[in-house]
Amino acid sequence: MRVGIEVVAVGVPAVFVLLAAPGPYAWSVTAGLVGCALLPLRHVRPWLAVVGSLWAICGGLGWPAQIVALFALGRRTRLGATLPWLVVVVLAAVVPVLQREVLSWQSVILTVVFAVLSAGSPLGFGLLTATRERLTASLRELEDAREATVAARESAARAEERARIGREVHDAVGHHATLIAVGAAALSASTEEQRTREAAELLRTHAKEALAEMRSALGLVGPAPAGAAGLGGLVDRARETGLDVELVALGTARTLPVAPDQVVYRVVQEALTNAARHSPGSTVRVEVDWRVTDRIRVEVVNGPAGRPARGTFGTGGAGLAGLAERVGAVGGELASGPDAGGFRVCAVLPLAPETPPAGERRVELPDRSPTGRDTDTGPIPIL
């Protein structure tokens, strides 16, 4: 395409030179063709193409090439820089005519006007074309800036709404969690039975931890959630609920990036919570595989319940759905389902600094009715 345009830009002026009547000098045609041949210089330095056509302008056959050169000069040069070249071209066209011929003052004026119009028109058209391109680019940048401003405002509005919801959740849930902790403390202080006192203290501890983690998740106060280093304490607390939990580490533990580190903790926490709710007294194996350098695998498998579950927990929990979203957010995969009368939760997390999600896939969760867990969670997206 560019080659074709260049052929036209050079060839058409050359054809006009050859079709024109012989110039006043023997070298007029040669000078005109040389000016056409030098037109490709306009892409590097437009003024070189203008200078290359001045000889042809003096010979009377340089206007075809000069029009192309002046248009390129106008597109690439500001208005103030083009005026001197306009004067030079007009003088190159008028002075030889005045030297060769005796003209009346009316003819002189017409000759000068013709030269000014012939040289000024392509210059002006080039300037207008360049101005239009700059205006188009400015409008595009303005539109991009407007869209960025709108996006920033929407993001700020969403952040403000999330903060408002977070404060409301904190005020409502925090109030009840605090009442549970206070009631448990009062029960512990008022009873003389050792087992009741221990149960009340355990309830008070869990209420305080739940309140602290809620505040941390909402970004209000407190440290970030524990990571893989806190699995030991998490397993110890699960044992206090009656679970027989075994923590197994395959390979050598190492420092993880912040996001996967917190997800590892949340996977084990959610799996142990489900086991305590739906399979009380069961045997649980928590396995953390560190042997592969670019990913970590966490698997929690619990056996059948050792005793009947107390109370009614419902069947519509969304813990696994939320856990799948959290795992997918760091580019990992989560699988869960019944396993030999119990339940298995397995997460594989990449450890690259930035692992984009590899497209959305969907994993069907099996029916959890044998253990009474989350039978209506449905498909969970794994990013």
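Note that the structure is predicted; figures quoted are calculated from it, not measured.

Asks: Sorry, what's going on with the layout of surface pockets here?
Replies: The method is simple in principle: a probe with the dimensions of a water molecule rolls over the atoms, and the space it marks as empty is what remains. Considering only enclosed or pocket space, the second largest pocket measures out at about 210 Å³ in volume. In this structure, the second largest pocket is lined by A9, R42, H43, V68, F71, A72, R75 and R76. Among the elements that line the lining of the second largest pocket, the one with the most residues is helix α4 (residues 63-76), at five residues. For the lining of the second largest pocket, the residue count by class is four nonpolar, one polar and three charged.

Asks: How do you make sense of the nonpolar core when you look at a structure like this?
Replies: For soluble globular proteins, the rule of thumb is that nonpolar side chains tend to be buried together. Of all hydrophobic cores here, the largest spans 34 residues; its most connected members are V245, V264, V267, V268, L272, V284 and I296. A per-element tally of this core places helix α9 (residues 258-278) first, with eight residues. With residues near it in sequence (within four places) discarded, L272 still touches L234, A238, L243, V245, V284, V286 and V300. Counting 25 residues, the second largest nonpolar core, distinct from the first, contains A49, L70, A92 and A115.

Asks: How should I be thinking about a nonpolar patch on the surface in this particular structure?
Replies: A surface patch of nonpolar side chains, about 390 Å² in accessible area, is lined by W27, V34, L38, L41 and W55. Inspection of the secondary structure puts W27 in the loop between α1 (2-19) and α2 (28-37).

Asks: Help me understand the environment of V108 in this model?
Replies: Structurally, V108 can be placed in helix α6 (residues 105-190). In contact with V108, not counting residues within four places along its chain, are L98 and L103.

Asks: Explain helix α3 (residues 46-59) here, please?
Replies: An α-helical segment advances 3.6 residues per turn. Residues three or four places apart therefore align on the same side. With 14 residues, α3 extends 21 Å between its outermost C-alpha atoms, agreeing within 8% with the 20 Å of an ideal straight helix rising 1.5 Å per residue. Residues of α3 that are buried in the fold lie against α2, α4 and α5 (79-100). Among the residues trailing α3, G60 stands out with phi positive, at a value near 95°.

Asks: What exactly am I supposed to notice about the confidence of the model for the protein chain here?
Replies: Interpretation of the predicted coordinates at a detailed level should be avoided for regions scoring low in pLDDT. Across the protein chain, pLDDT averages 78, with 84% of residues at or above 70. Here residues 311-317 scores under 50 on pLDDT; set against residues more than four positions off or in separate chains, the count is 13 contacts. Throughout residues 353-383 the model reports pLDDT below 50, and contacts reaching past four residues in sequence, or to other chains, amount to 73 contacts.

Asks: Just to check I follow, could you spell out the packing of aromatic side chains for this structure?
Replies: Remark: the centre distance and the inter-plane angle together describe each pair of aromatic rings, the angle taken between the planes. Across all of its chains, the model carries three aromatic pairs by this definition. For the ring pair W47 and W85, a centre distance of 6.4 Å and an interplane angle of 20° mean the geometry is stacked. Of the two residues, W47 is situated in helix α3 and W85 in helix α5; the sequence distance between them amounts to 38 residues. Among the residues examined, W47 registers a relative accessible area of 38% and is labelled partly exposed. By relative accessible area, W85 is classed as partly exposed at 22%.

Asks: Sorry, what's going on with the side chain of E270 here?
Replies: Position of E270 among the secondary structure elements: in helix α9. Although E270 lies buried, it forms no salt bridge, and the closest oppositely charged side chain, R277, sits 5.7 Å away as judged by the N-O distance. Once residues lying within four places of it in the same chain are set aside, the contact partners of E270 are G319, L320 and L323.

Asks: What's the story with the side chain of S53 in this structure? I'm lost.
Replies: Within the secondary structure, S53 is located in helix α3. S53 has contacts with G35, A65 and Q66, leaving out every residue within four places of it along the chain.

Asks: I tried to follow the pattern of salt bridges on my own but got confused; where do I start?
Replies: Once their charged atoms are close, side chains differing in charge can pair, the charge on each being opposite to the other. What the rule picks out here adds up to eleven salt bridges. Residues R239 and D236 are paired through a salt bridge, measuring 3.2 Å at the closest nitrogen-oxygen approach. Taken together, the positions of R239 and D236, both in helix α8 (residues 231-240) and three residues apart, correspond to about one turn of that helix. Among the residues examined, R239 registers a relative accessible area of 40% and is labelled partly exposed. Given the relative accessible area of 40%, D236 is considered partly exposed. The closest approach of N and O atoms between E299 and R297, which form a salt bridge, is 3.7 Å. On the basis of relative accessibility, which here comes to 16%, the residue E299 falls in the buried class. When salt bridges that share partners are traced, they join E246, R285, E287, D289, R291, R297, E299 and R344 into one network.

Calculation notes
Residues numbered from 1 in each chain as written. Predicted model: local features only at pLDDT ≥ 70, side-chain atom pairs only at ≥ 80, totals over all residues. Heavy atoms only, no water. 1 Å grid on protein atoms, 1.4 Å probe; cavity = no way out; pocket = protein on both sides within 12 Å on 5 of 7 lines; lining within 4 Å. Points joined across faces, edges and corners; volume = space filled by probe spheres on them. Helix = DSSP H or I, 4+ residues; strand = E, 2+ residues; numbered from the N terminus. Nonpolar A, V, L, I, M, F, W, Y, C, P; charged D, E, K, R; others polar. Core = buried A, V, L, I, M, F, W, Y, C linked by side-chain atoms within 4.5 Å. Buried < 20%, exposed > 50% of the residue type's maximum accessible area, 1.4 Å probe, protein only. Contact = heavy atoms within 4.5 Å. Patch = residues over 30% accessible without salt bridge, like charges linked within 9 Å, V, L, I, M, F, W, Y side chains within 5 Å. Areas by Shrake-Rupley, 256 points an atom, 1.4 Å probe, with all protein chains shown as cover. Salt bridge = Lys/Arg side-chain N within 4 Å of Asp/Glu carboxyl O. Expected span 1.5 Å × (residues − 1). pLDDT = per-residue confidence, 0-100. Phe/Tyr/Trp six-rings, centres within 6.5 Å; stacked < 30°, edge-to-face > 60°. Lys, Arg positive; Asp, Glu negative; His and termini not counted.

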